[in-house]
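Observations on the model geometry
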Amino acid sequence: MIYLDNSATTKPFPEVIDSFVTVATKYFGNPSSLHELGRQAERLLQQSREQIARLLHVKPNEIIFTSGGTEANNMAIKGIALQYKNRGKHIITTAIEHPSVSEPCKQLEELGFDVSYLPVNEKGFITIDDLMKTIRDDTILVSVMHVNNEVGSIQPIKEIGQLLKNYPKIVFHVDNVQGVSKVPLHLYEGRVDLCTMSAHKFHGLRGAGILYIREGIKLSPLLAGGEQEMKVRSGTENVAAIVAMTKALRMSLEMYEEKIHHLMKVKEAWIEQLSAIPDIQLNTPIDHSAPHIINFSLNGLKSEVFVHELAKHNIFVSTTSACSSKKKAPSKTLIAMGAEPKRAESAVRISLSFKNTIEEIPIAIDVMKNAIKKLQEVTR
Amino acid sequence: MERIYLDHAATSPMHPDVVETMVPFMTEIFGNPSSIHFFGRQSRHAIDVARETVAKSIGAKENEIIFTSGGTEADNLALVGVAMANRQKGKHIITTAIEHHAVLHTCHYLEKQGFEVTYLPVDERGKISLEDFQRALRDDTILVSIMFGNNEVGVLQPIKEIGQMLKEHQAFFHTDAVQAYGLIPIDVNELHIDLLSVSAHKINGPKGVGFLYARETVKLIPRLYGGEQERKRRAGTENVAGIVGMAKAVEIARQTMNEKASMYRSFKEKMLGIFEQEGIPYIVNGDENNSLPHVLNVAFPGTNVESMLVNLDLAGIAASSGSACTAGSIDPSHVLVAMFGKESERIRSSVRFSFGLGNTEEQIEKAAYETVKIVRRLTNK
């Protein structure tokens, strides 16, 4: 089996699952309970918060646990919009965000907010110039993803943060779901106010995520109730999944230190071998792209059939982001990059983890070549 | 020291079979259900099967089940979702004074958004009156949210009667069944319930997962936007292991419901019998004949709830003052205040015992005798 769909979801580390099972069975108390079992759960929660804060170089009270990336993005965007709507109703984001950012923005438009979607160039990057021109007196929020989930382009977060230094009233949100443990992001240096992370994208479990909220930033909660998580996110904490996520983050960041060069080499080798196939057009920019995402188009061939053909040989890739892969719509990111529909409709994404190897590449490439040949015969 | 856990209404241990069911969905079948490849399809299939199990358990259709991150999210989605989607029909909502905070605080939020909320009072036994309800119901009422069984005192509300009264009314009927589900049989059609919230970790399932039942005809605006999961009603990659674990817990709950309900009722009798026999002063809060089988809330006159809980904890017994979510605060329980008023001594001397998986008759006996000792010590009798 060659699993190349790590941007959709990753395989949890065995140690992470062990942690989950241990906590879920032995320390099952509700952290809000006053008795010993409750206190044990509360301690585990607090230790997780402290360790995550250390790993991200922020303060423990800046870490809010959520049910995942989608909730964190919704909470950040709608929470800030509703909190500061009296200050202004203008929001800036990009044309290539994940739906969990762009859909809340659309919802806010219906509620009377004005949203500007920054364009990207043919390589998938926004420009600081465009951003500067878009900022208005009534801008309250800028939300830009760190690593694009479809093509892997890395947006200039630090530069955006520098620019926004001059606009202290604008809140800066970064969706870092794809970047965690693959592309470093320093939250303080980047002047990031809010940052979204999702456990299952770094070998943790589904059902847990993080919203970093810089001290002093207020937002209107999405979930009302028992006032857990410093009153920002109600609901009994999923302690086992949070402890498991903490372990996954630590292990992933350690793996980054040890294996980032390996991962870069694997990506380079992939690009080299893919480029040698005549019917393949590379969509991922060579520079400023994440070490684990490679997007290419099949010269108009049906990418969905291609994906299924590969799956028959136990090779797993995807057409576009998993969340929208059921629709046969062309890739939103590629369209924004100016790709013609034919190219945008035939896109395939490979997404790696630190565990993928160079040895897998020729095996997969062979299967891919055959699949392309087969598809060409069918379409002819 | 053997620890005796009598706080199952706060959270419950996972059933070993639930854990076992979940593990393969973390280790092997880890795909994203939205992925079109084999891994994704396997996960998708598991979710479909789980949805069927969950739907069947309340007599619903599969497309009426929305998986959420838990009870709080389900309550928030039901209330805000229905209110926002139906505001052109009216802005009036009816709920009770003794709801869980996931409902109450959401109602406060809706009030700030311009909705008008009636909080029905309860009597000394914790029950609302149908006359009050009838009087509160207006032409512009769009939503009625009344909990099935109360988490602090266990009292059951007249859900069937309310359902009947709302049959011909435009208002949608939501019930927070987080505590009742799994111990009380619920059929949403028989009871005319339009929306119902459930949390897995209260029924020996995992934390971080729950569901909202929303009848096909209910108009609902989502809380989470993004991917098109859960038929566009709840975005976010599905917590497959959690969902599968919950379905297993549902299955077990259905098989063992009657047996557990009668066992927990006998635990209640046992405890109260010992209090009676030992002659300590106590008053049961709520209505013994109309309550959740697993919740027993007792006032011990002359004691203070915090000293009671600390002493019980030292004796290895985990109990609670009320809902776990408010336990951290020193404010008296809003449920007891609604039942007895702010001045009543009972709001400061009541302890909740809640029974569940793993509790035995011996444990209950021991806990009862320990309680007696502590009460005697604290009241110097």
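Residues numbered from 1 in each chain as written. Chains lettered and ligands numbered in written order. Predicted model: local features only at pLDDT ≥ 70, side-chain atom pairs only at ≥ 80, totals over all residues. Heavy atoms only, no water.

A word on the pairing of strand β6 (residues 172-176) of chain B. Residues and elements named next belong to chain B. With 5 of 5 residues buried, β6 is to be regarded as a mostly interior element. Of the two faces of β6, the one holding Phe172, His174 and Asp176 and the one holding Phe173 and Thr175 are both buried throughout. Note that strand β5 (residues 141-145) and β6 share 3 bridges and pair parallel. Residue pairing in the sheet places leucine 143 in a bridge with phenylalanine 172 of β6. A crossover links β5 with its parallel partner β6, the connecting element being helix α7 (residues 159-166), and its sense is right-handed. Bridge analysis of β6 against strand β7 (residues 195-199) gives 3 bridges, and the strand direction is parallel. Within β7, the position partnered with threonine 175 by the bridge is leucine 196. (Buried < 20%, exposed > 50% of the residue type's maximum accessible area, 1.4 Å probe, protein only. Helix = DSSP H or I, 4+ residues; strand = E, 2+ residues; numbered from the N terminus. Pairing = 2+ DSSP bridges. Right-handed = clockwise from strand over helix to strand, strands pointing away.)

This part takes up the sheet that holds β5 of chain B. Strand pairing within a sheet occurs via backbone hydrogen bonds; the two strands may be parallel or antiparallel. Residues and elements named next belong to chain B. Ordered by their spatial adjacency, 7 strands build an open sheet running β2-β8-β7-β6-β5-β3-β4, and the pairing between neighbours is mixed. In this open sheet, the two edge strands, each paired with only one partner strand, are β2 (65-68) and β4 (116-120). Mean inter-strand twist for the sheet, computed between neighbouring axes without regard to direction, equals 20 degrees. Helix α5 (residues 101-112) contacts β3 (92-96), β4, β5 and β6 of the sheet and is inclined by roughly 150 degrees relative to β4. (Axes fitted to C-alpha atoms, helices over the stretch in contact; angles between N-to-C directions. Contact = heavy atoms within 4.5 Å.)

Once that is clear, we can look at the environment of asparagine 121 of chain A. With respect to the helices and strands, the residue asparagine 121 of chain A is situated in the loop between β4 (114-118) and α5 (128-134). Linking asparagine 121 of chain A and alanine 336 of chain A, residues 215 residues apart in sequence, is a C-alpha distance of 7.8 Å.

You can see glycine 210 of chain B is positioned in strand β8 (residues 210-214). Among all residues touching glycine 210 of chain B, those that are not within four sequence positions of it are Ile66, Phe67, Thr68, Ser69, Gly70, Val198, Ser199, Ala200 and Met246 of chain B.

This paragraph deals with helix α3 (residues 38-57) of chain B. An α-helical turn contains 3.6 residues, so any two residues separated by three or four positions project in the same direction. Here α3 of chain B is 20 residues long and its end C-alpha atoms lie 29 Å apart, about the 28 Å a rise of 1.5 Å per residue gives. For α3 of chain B, the complete set of buried residues consists of Phe39, Gly40, Ser43, Ala46, Ile47, Ala50, Arg51, Thr53, Val54, Ala55 and Ser57 of chain B. Taken together, the buried residues of α3 of chain B touch β1 (2-3) and β11 (315-316) of chain A together with α2 (24-27), β2, β8 and α8 (240-278) of chain B. Positive backbone phi, at 70 degrees, marks glycine 59 of chain B, one or two positions downstream of α3 of chain B. (Expected span 1.5 Å × (residues − 1).)

Residue and element names in this part refer to chain A. Pairing is mixed in the open sheet, where 7 strands are placed in the order β2-β8-β7-β6-β5-β3-β4. Looking along the sheet, the strands with just one partner apiece sit at the ends: β2 (63-66) and β4. Ignoring which end each strand starts from, the neighbouring axes of this sheet average 20 degrees apart. Note that strand β6 (residues 171-175) and strand β7 (residues 194-198) share 3 bridges and pair parallel. Bridge pairing in β7 places aspartate 175 opposite threonine 196.

This brings us to the domain arrangement of chain A. The parts lose accessible area when they come together, and the size of an interface is often stated as this lost area. Residue and element names in this part refer to chain A. Domains assigned within chain A are domain 1 (2-8 + 258-373) and domain 2 (14-250). If you average the C-alpha positions of domain 1 and of domain 2, the two centres end up 27 Å apart. Counting residues at the interface gives 29 residues for domain 1, matched by 26 residues for domain 2. The largest per-residue losses of area from domain 1 upon contact with domain 2 belong to Lys332, Thr333 and Met337, which jointly make up 26% of the total buried on that side. At the boundary of domain 1 and domain 2, one finds 0 salt bridges. Counting only elements with at least two residues in the side of domain 1 that touches domain 2, the list comes to α7 (239-275), β10 (293-297) and α9 (332-336). (Domains from an automatic or database assignment. Buried area = accessible area lost by both parts, 1.4 Å probe. Salt bridge = Lys/Arg side-chain N within 4 Å of Asp/Glu carboxyl O.)

On to the packing of helix α2 (residues 36-56) of chain A against α7 of chain A, then. Residues and elements named next belong to chain A. Where α2 meets α7, the axes come as close as 9 Å, and the angle between the chain directions of the two elements is 25 degrees. Classed by the angle they form, the pair α2 and α7 counts as roughly parallel. For α2 against α7, the interelement crossing comes out left-handed. Residues Ala41, Leu44, Leu45, Ser48, Gln51, Ile52, Leu55 and Leu56 of α2 touch α7, and the partners they reach there are Val239, Ile242, Val243, Met245, Thr246, Leu249, Arg250 and Leu253. (Parallel < 35°, antiparallel > 145°, perpendicular 65-115°, else oblique. Left-handed = near helix turned anticlockwise from the far one by under 90°.)

Here we take up the pattern of salt bridges. According to the stated counting rule, one finds 35 salt bridges over all chains in the structure shown. Between arginine 49 of chain A and glutamate 229 of chain A there is a salt bridge, and its shortest N-O distance comes to 2.8 Å. Of this pair, arginine 49 of chain A sits in helix α2 while glutamate 229 of chain A sits in the loop between β8 (209-213) and α7, and the two are 180 residues apart along the sequence. Classification of arginine 49 of chain A as buried rests on a relative accessible area of 6%. Taking the shortest distance from any N to any O, the salt bridge between glutamate 361 of chain B and lysine 270 of chain B comes out at 3.4 Å. One end of the pair, glutamate 361 of chain B, is in helix α12 (residues 361-379); the other, lysine 270 of chain B, is in helix α8, with 91 residues separating them in the sequence. Where salt bridges share partners, they join Glu36, Arg39 and Arg43 of chain A together with Arg3 and Asp313 of chain B into one cluster.

Attention shifts here to the domain arrangement of chain B. Residue and element names in this part refer to chain B. Under the domain assignment used here, chain B contains domain 1 (4-12 + 257-379) and domain 2 (16-252). Relative to domain 2, the C-alpha centre of domain 1 lies at a distance of 27 Å. Every contact between the two is made by 33 residues of domain 1 and, on the other side, 31 residues of domain 2. For the pair domain 1 and domain 2, the two sides together bury roughly 2,800 Å², of which 54% comes from carbon and sulfur. Taken as a group, Met257, Leu292 and His334 account for 21% of the area that domain 1 buries against domain 2, more than any other trio of residues on that side. Summed over the shared surface of domain 1 and domain 2, the result is 1 salt bridge. Here aspartate 287 and arginine 125 are joined by a salt bridge, their closest N and O atoms 3.6 Å apart. In this assembly, domain 1 and domain 2 are joined by 15 residue pairs in polar contact (both at pLDDT 80 or more). When residues of the side of domain 1 that touches domain 2 are traced back to their parent elements, those giving at least two are α8, β10 (295-299), α10 (324-327) and α11 (334-340). (Polar contact = N/O pair within 3.5 Å; in protein donor to acceptor, adjacent residues only side chain to side chain.)

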